[in-house]
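Listed below are the residues making up each chain.
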Amino acid sequence: MLNWRRDPGYEQRMKQLVSETEQLRQENEQLRQQNARGRQLLAKIDALCFPPESSSIPAIATEPGSKPSSP
């Protein structure tokens, strides 16, 4: 037969573990939100610093009636 004794600190440790787990979940959610905001800001910086028109390929004239130049 097993000799079973109640562990007096078990419930307290479980409550502490649950509390720490919840705190980590909240911190992870905050980090997810901060990372998402950081990605948004980086995308805006990229758009401002490297606009599509900054390509090294010369732009093609798009004015109505414009004709391509002959070499």
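Being a predicted model, the structure only gives us computed values, none of them experimental. (Residues numbered from 1 in each chain as written. Predicted model: local features only at pLDDT ≥ 70, side-chain atom pairs only at ≥ 80, totals over all residues. Heavy atoms only, no water.)

**Quick notes on the pattern of salt bridges**
Within the structure shown, the criterion is met by 3 salt bridges. For Arg25, the salt bridge goes to Glu22, with nearest N and O atoms at 3.9 Å. Separated by 3 residues within a single helix, Arg25 and Glu22 lie in helix α1 (residues 10-49), roughly one turn from each other. Using a relative accessible area of 54% as the deciding quantity, one classes Arg25 as exposed. For Glu22, a relative accessible area of 36% translates into the label partly exposed. The shortest N-O distance in the salt bridge between Arg32 and Glu29 comes to 2.9 Å. Pair noted here: Arg32 and Glu29 are both in helix α1, with a separation of 3 residues, about one helical turn. Owing to a relative accessible area of 36%, Glu29 belongs among the partly exposed residues under this scheme. (Salt bridge = Lys/Arg side-chain N within 4 Å of Asp/Glu carboxyl O. Helix = DSSP H or I, 4+ residues; strand = E, 2+ residues; numbered from the N terminus. Buried < 20%, exposed > 50% of the residue type's maximum accessible area, 1.4 Å probe, protein only.)

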